[in-house]
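Observations on the model geometry
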Amino acid sequence: MGIALAPAARVSALRDRTPVVTTLCSHSSLQIFYGARHEGLGTLGIAVGKPPRFYEAFPLARPDRFLSLSKVTDLGRHANTLQREGAVVIPTGSFVEYMGPEAFDALDVPVFGNRKVLAWESDREKERQWLEKAEVPMPRKYRDLSSIDGPVIIKYHGAKGGKGFFLAKSPKELGDFRPTGPYVIQEYVVGTRYYLHFFYSPLSEDGYRVRHGSIELLGMDRRDEANIDELYKLGAQEGLRQAGIRPTFVVTGNVPVILRESLLPQVFDLAARIVDTSVDLFGGMVGPFCVEGIVTEDLQFKVFEISTRIVAGTNLFISGSSYSDFIAPHLSTGRRIALELKRARAEDRLSEVLS
Amino acid sequence: MGIALAPAARVSALRDRTPVVTTLCSHSSLQIFYGARHEGLGTLGIAVGKPPRFYEAFPLARPDRFLSLSKVTDLGRHANTLQREGAVVIPTGSFVEYMGPEAFDALDVPVFGNRKVLAWESDREKERQWLEKAEVPMPRKYRDLSSIDGPVIIKYHGAKGGKGFFLAKSPKELGDFRPTGPYVIQEYVVGTRYYLHFFYSPLSEDGYRVRHGSIELLGMDRRDEANIDELYKLGAQEGLRQAGIRPTFVVTGNVPVILRESLLPQVFDLAARIVDTSVDLFGGMVGPFCVEGIVTEDLQFKVFEISTRIVAGTNLFISGSSYSDFIAPHLSTGRRIALELKRARAEDRLSEVLS
Amino acid sequence: MGIALAPAARVSALRDRTPVVTTLCSHSSLQIFYGARHEGLGTLGIAVGKPPRFYEAFPLARPDRFLSLSKVTDLGRHANTLQREGAVVIPTGSFVEYMGPEAFDALDVPVFGNRKVLAWESDREKERQWLEKAEVPMPRKYRDLSSIDGPVIIKYHGAKGGKGFFLAKSPKELGDFRPTGPYVIQEYVVGTRYYLHFFYSPLSEDGYRVRHGSIELLGMDRRDEANIDELYKLGAQEGLRQAGIRPTFVVTGNVPVILRESLLPQVFDLAARIVDTSVDLFGGMVGPFCVEGIVTEDLQFKVFEISTRIVAGTNLFISGSSYSDFIAPHLSTGRRIALELKRARAEDRLSEVLS
């Protein structure tokens, strides 16, 4: 009845055997394996070189076994074996980045979620179209330097991890800007940042209802970024710039936060429109996703980015959060993935959550 | 034996039937309903217009039913029905603000806590008298602009949500200040902020003893405020001011914190004096309250505000906190309210915790 | 088989009776007593003067009884009694500071962990040698003012709690520096701070293996510091300095954080080398320790300090953390200490974890 994302052939092996939750040994792998074990599923860690030793320290989050590759892109060669063994690949930011979106898309192993989302997330222009179609408030985009009339952040295309971004509080400061490649200019919205961890299930009607299925809110965090977060301790940016120190925005960790309850109607409405639009555009963004935004002093939630898979901020909530505890005890995003897999299998709807 | 706050007639209906925990569908309603359900009490959500849909996402925190009003102030008209059905109203900041303190005070339905506290909290002068009588260290108050000799924050009377506040690090910066209405001038204390979530029970002797009953510490948070919290990322305030960007202090969310253990004697002592003084002044501030202060580099806790009811920072701790876990597992403020109601009913002392 | 730290005579009394976990009534005492009670051990609080009243508020973390002294240094006089009663002293920062490292070292009562670590921690030069031997990346140390070529923090010897530290973003700002005593000059590394709470067990092989035994990661926090943390709200430091307001770094509390999973291999490797080197240098740093560092925009973890015993940031995680939940439910550092004591006793290896 729902939208089939995976061809029947790709998921048929999972009818006969317990799924083996498979992901790269990084990013949010501890949580993913922990959640899968909690639900009685098998687990497999993809390691580049020898398996990382840190799993020794976390006995409840160790995968049952490892597949060691010399490089991540070799994974495709093991597709047949993985299929036979019941592997279901859980995509993470690191996994997709190291493998490359094209190679990931071509992988002939069941992937949790809709792999068509990759094309919409990896291209900033397409992502913006999607969000505009969903009528989501976003920071303004400036066409060129001369049209700037307020604070801006200038990002180079394909810049990794927030290095080389340029901040200006007014057009005056642009005198300092020496472009070194193609860039985009965004309004710098002043406010407080929230990263909202949602889960979209096309199978369940137990959450906040959307056109097909429902969404759940499993937690919230704020990202730590180096060096911007603690830069102020040294002095004002204007002076630091002269000392050759410029702000960077490299994610190093996460802190837990919650949002004013009166903002929940606003953010659920946004998330539902993003999901509904994704169904129209490419068949739906299934599973975990993150809405990343800024709350202004007027209590408007402006979305500056979405991540279309599990993000590392969910690692805070491996035993539940101030939101997921209202759904069920000990409900992490990792465990929620495992529950969705089990339900899809029990209801013979695997092709709606895998691709 | 204790101090009766409610007339016997108002609470008599609660002898015959299970209390129905009733609050406005905002602020900390999820936690309040979740705690009440946990303790087997009924729950009723007051909605303005249609009930908010976000409860769909939180099955364990949904109220049993809703009362939809076209405006909050219509609540008074339903007083008889609510009384008969065993409603106990839990006041929150939003509830009192939307209804207006006078209308809230006049509501002929049992309210959890002492409604006389409203008059002492809503008037900044009276609140200051109360805290001074309790000998609580506070930021200095300046009589006029000419007496300022250090950093200050200037707040307009009745300014909502921290917009239009004026900060000056020294008298020199006051040249920029153009008053647009009556204001108060407070010393700006430099340090780290802590919001301490206490609960005062006139019934229990199991916590930190005060003259009548005892207090408990259920958690701590720090408020997120837009735009002040992340403003520094754009540059120094001095320059931002010239670019037309001024600090605002609108609460958007909360982060969990804990305090140095060596400061606990100091803050329990403060909280106990605030409670004891409240008994003398108006019969006592019953139930949850929040002591909001700044710890200076000399490890002095200076109180800049108290909230005399449940505050939204407690929403972080719906399944317990680094403090309440030392009292009982899964003890949120919402659940603590429900426990107090049940105990008061069992001991026939409802008039001491309701008004 | 392992390294005996305590003479057999000192620990013999513990063979015949349940250990009594004993610590000073401050710092992390609630957690230590709570953990010990959870594991069925006795508890004793050392109070200076009357026992602090805040334990009234935390029934599950109250010690069984108190020993009231007029000053901490009187503890030595009670050594015989404490020995007979099965006391095991848990050192904390406050305990060692108030008693003095020499007196603490001379205490003839079993102490959890290796008291030889005191000499290596209390002397900044020796600590640096230890970390350099372990090949741990640290902020640079400048020999004199004229060699400074970037941002620095200048710390006076023996300065308590971060008062009087001097920050300069470039050599230019040193003109403001008027030394008032002997000092050290450290590179000021810009990035985000993480305080990693480890536990080293010479008995267990269940964690991340080191040469003798294994280490576990039980949590992470970031310290709140007054006034540096919220100083920026008043304006740029350059201007604040002119207004007579200087940054200080006094710890007032803690917030929970997690680290990017991809940094775990790096930090476990660092921690293991610190532990292995400690075995070579002085027989090993047994029990809880904290690696305190900064993650730079290049994702390098630079260690600016280690604490060789339980630190107050662990107080956040009295019921588990986003790391310890992967080991066992409800595993705090306090409880981990109690578990280690019980295991050592059951395996007759007390002299390897006590000194």
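The rules behind these values
Residues numbered from 1 in each chain as written. Chains lettered and ligands numbered in written order. Predicted model: local features only at pLDDT ≥ 70, side-chain atom pairs only at ≥ 80, totals over all residues. Heavy atoms only, no water. Helix = DSSP H or I, 4+ residues; strand = E, 2+ residues; numbered from the N terminus. Rg over C-alpha atoms; globule rule 2.2 N^0.38 Å. Buried < 20%, exposed > 50% of the residue type's maximum accessible area, 1.4 Å probe, protein only. Lys, Arg positive; Asp, Glu negative; His and termini not counted. Charge placed at Lys NZ, Arg CZ, Asp CG, Glu CD. Least-squares fit on C-alpha atoms with pLDDT ≥ 70 in both. Contact = heavy atoms within 4.5 Å. Buried area = accessible area lost by both parts, 1.4 Å probe. Salt bridge = Lys/Arg side-chain N within 4 Å of Asp/Glu carboxyl O. Pairing = 2+ DSSP bridges. Right-handed = clockwise from strand over helix to strand, strands pointing away. Axes fitted to C-alpha atoms, helices over the stretch in contact; angles between N-to-C directions. Parallel < 35°, antiparallel > 145°, perpendicular 65-115°, else oblique. Left-handed = near helix turned anticlockwise from the far one by under 90°. Nonpolar A, V, L, I, M, F, W, Y, C, P; charged D, E, K, R; others polar. Domains from an automatic or database assignment.

Re the overall build of chain A
- Across its full length, chain A holds 12 helices and 15 strands.
- Its C-alpha atoms give chain A a radius of gyration of 21 Å, within 12% of the compact-globule value 20 Å for 355 residues.
- Taken along its principal axes, the extent of the C-alpha atoms in chain A is 65 × 45 × 35 Å.
- Taken over 355 residues, chain A has a buried fraction of 65%.
- When the 44 positive and 43 negative side-chain charges of chain A are each reduced to one mean point, those points stand 4 Å apart.

Observations regarding the relation of the copies chain C and chain A
- When chain C is fitted to chain A, the residual RMSD is 0.0 Å, and the transformation amounts to a turn of 120° plus an axial shift of 0.0 Å. Taken together, the rotation angle and the small translation identify this as a three-fold axis. Identified as the residue of chain C closest to the rotation axis by C-alpha distance is Ala236(C), at 2.9 Å.
- A share of only 9% of the interface residues of chain C reappears at the interface of chain A, consistent with the copies meeting through non-equivalent patches.

Thoughts on the interface of chain B and chain C
- With 47 residues of chain B in contact, the opposing surface of chain C contributes 48 residues.
- Note on chain B versus chain C: buried area summed over both sides is about 3900 Å², and carbon and sulfur give 60% of it.
- When residues of chain B are sorted by the area they lose upon contact with chain C, Glu261(B), Glu297(B) and Phe326(B) head the list and together hold 22% of the total.
- Across the chain B-chain C interface, the total number found is four salt bridges.

Quick notes on the pairing of strand E2 (residues 42–48) of chain B
Residue and element names in this part refer to chain B.
- Among the seven residues that make up E2, six are buried, leaving the element largely enclosed by the rest of the structure.
- Bridge analysis of strand E1 (residues 20–24) against E2 gives five bridges, and the strand direction is parallel. Bridge pairing links Thr-23 to Gly-45 in E2.
- Each parallel crossover has a hand, and the one from E1 via helix H3 (residues 29–38) to E2 is right-handed.
- Two strands pair when backbone bridges link them, and E2 and strand E3 (residues 65–69) are joined in this way by five bridges, in the parallel orientation.

Overview of the packing of helix H8 (residues 124–133) of chain B against helix H10 (residues 264–282) of chain B
All names here are of chain B.
- Two elements in contact, H8 and H10, have axes whose closest approach is 9 Å; the angle formed by their N-to-C orientations is 120°. Compared by their axis directions, H8 and H10 come out oblique. Judged by the sense of rotation from one axis to the other, the crossing of H8 with H10 is right-handed. Across from Trp-130, Leu-131 and Lys-133 in H8, the residues of H10 making contact are Ile-274, Thr-277, Ser-278, Asp-280, Leu-281 and Phe-282.
- Tallied by class, residues from the contact of H8 with H10 come to five nonpolar, two polar and two charged.

Here we look at the domain arrangement of chain A
Residue and element names in this part refer to chain A.
- Under the domain assignment used here, chain A contains domain 1 (1–112), domain 2 (123–138 + 190–329) and domain 3 (140–188).
- On a C-alpha basis, the centroid separation for the pair domain 2 and domain 3 is 22 Å.
- Listed by partner, the interface residues are 14 residues for domain 2 and 15 residues for domain 3.
- Taken together, both faces of the contact between domain 2 and domain 3 bury some 1300 Å²; the carbon and sulfur share is 46%.

Topic: the packing of helix H3 (residues 29–38) of chain A against helix H11 (residues 333–346) of chain A
All names here are of chain A.
- Relative orientation of the contacting elements H3 and H11 amounts to 45°, with a least axis distance of 7 Å. Here H3 lies oblique to H11, going by the angle between them. The interaxial crossing formed by H3 with H11 has right-handed handedness. Contact with H3, carried on its side by Gln-31, Ile-32, Gly-35, Ala-36 and His-38, involves Thr-333, Gly-334, Arg-335 and Ala-338 of H11 and no other residues of that element.
- In the contact of H3 with H11, the residues fall into three nonpolar, five polar and one charged.

Some points on the pattern of salt bridges
- Tallied over the entire structure, the rule returns 92 salt bridges over all chains.
- Across the pair Asp348(B) and Arg15(B) runs a salt bridge whose closest N-O atoms are separated by 3.0 Å. In this pair, Asp348(B) is assigned in the loop between helix H11 (333–346) and helix H12 (350–353) and Arg15(B) in helix H2 (residues 13–16), connecting sequence segments 333 residues apart.
- Measuring nitrogen to oxygen at the nearest pair gives 2.9 Å for the salt bridge that ties Glu347(C) to Arg343(C).

Looking at the interface of chain C and chain A
- Listed per partner, the contact involves 47 residues of chain C and 48 residues of chain A.
- Here chain C meets chain A over a buried area of about 3900 Å², counting both sides, of which 60% is carbon and sulfur.
- Looking at the side of chain C facing chain A, the largest losses of area belong to Glu261(C), Glu297(C) and Phe326(C), adding up to 22% of the total buried there.
- The interface formed by chain C and chain A includes five salt bridges.

Looking at the relation of the copies chain B and chain C
- With an axial shift of 0.0 Å and an RMSD of 0.0 Å, the rotation relating chain B to chain C amounts to 120°.
- Little of the interface of chain B is mirrored in chain C, where only 9% of its interface residues are also at the interface.

Some points on the pairing of strand E9 (residues 192–201) of chain C
Residue and element names in this part refer to chain C.
- Among the 10 residues that make up E9, 10 are buried, leaving the element largely enclosed by the rest of the structure.
- Neither face of E9 is left uncovered, since the one carrying Thr-192, Tyr-194, Leu-196, Phe-198 and Tyr-200 and the one carrying Arg-193, Tyr-195, His-197, Phe-199 and Ser-201 both have all their residues buried.
- Where E9 meets strand E14 (residues 287–295), nine bridges bridge the pair, whose relative direction is antiparallel. Bridge assignment links Arg-193 to a residue of E14, and that residue is Ile-294.
- Looking at chain direction, E9 and strand E11 (residues 214–227) are connected through seven bridges and run antiparallel. Bridge pairing in E11 places His-197 opposite Gly-219.

Structural notes on the sheet that holds E2(B)
All names here are of chain B.
- Pairing is parallel across the open sheet formed by four strands, whose spatial order is E3-E2-E1-E4. Single-partner strands in this sheet number two, and they are E3 and strand E4 (87–89). Neighbour-to-neighbour, the strand axes of this sheet turn through a mean angle of 30°, independent of strand direction.
- Taken together, the three bridges between E1 and E4 define a ladder with parallel strand orientation. Bridge pairing in E4 links Thr-22 to Val-89.
- Where H3 meets the sheet, its contacts fall on E1 and E2, and the angle it forms with E1 comes to roughly 175°.

A look at the side chain of Glu340(A)
- Here Glu340(A) lies in helix H11.
- Not counting residues up to four positions away in its chain, the partners in contact with Glu340(A) are Phe112(A), Phe199(A), Ser201(A), Pro202(A), Leu203(A) and Val353(A).

Some thoughts on the environment of Phe95(A)
Residues and elements named next belong to chain A.
- Summarising the element assignment, Phe-95 is placed in helix H5 (residues 93–99).
- Given the relative accessible area of 0%, Phe-95 is considered buried.
- When the C-alpha positions of Phe-95 and His-27 are compared, they lie 8.3 Å apart, and in sequence the two are 68 residues distant.
- For Phe-95, the residues in contact, after removing those within four places along its chain, are Thr-23, Leu-24, Ile-46, Val-72, Leu-75, Val-89, Ile-90 and Phe-104.

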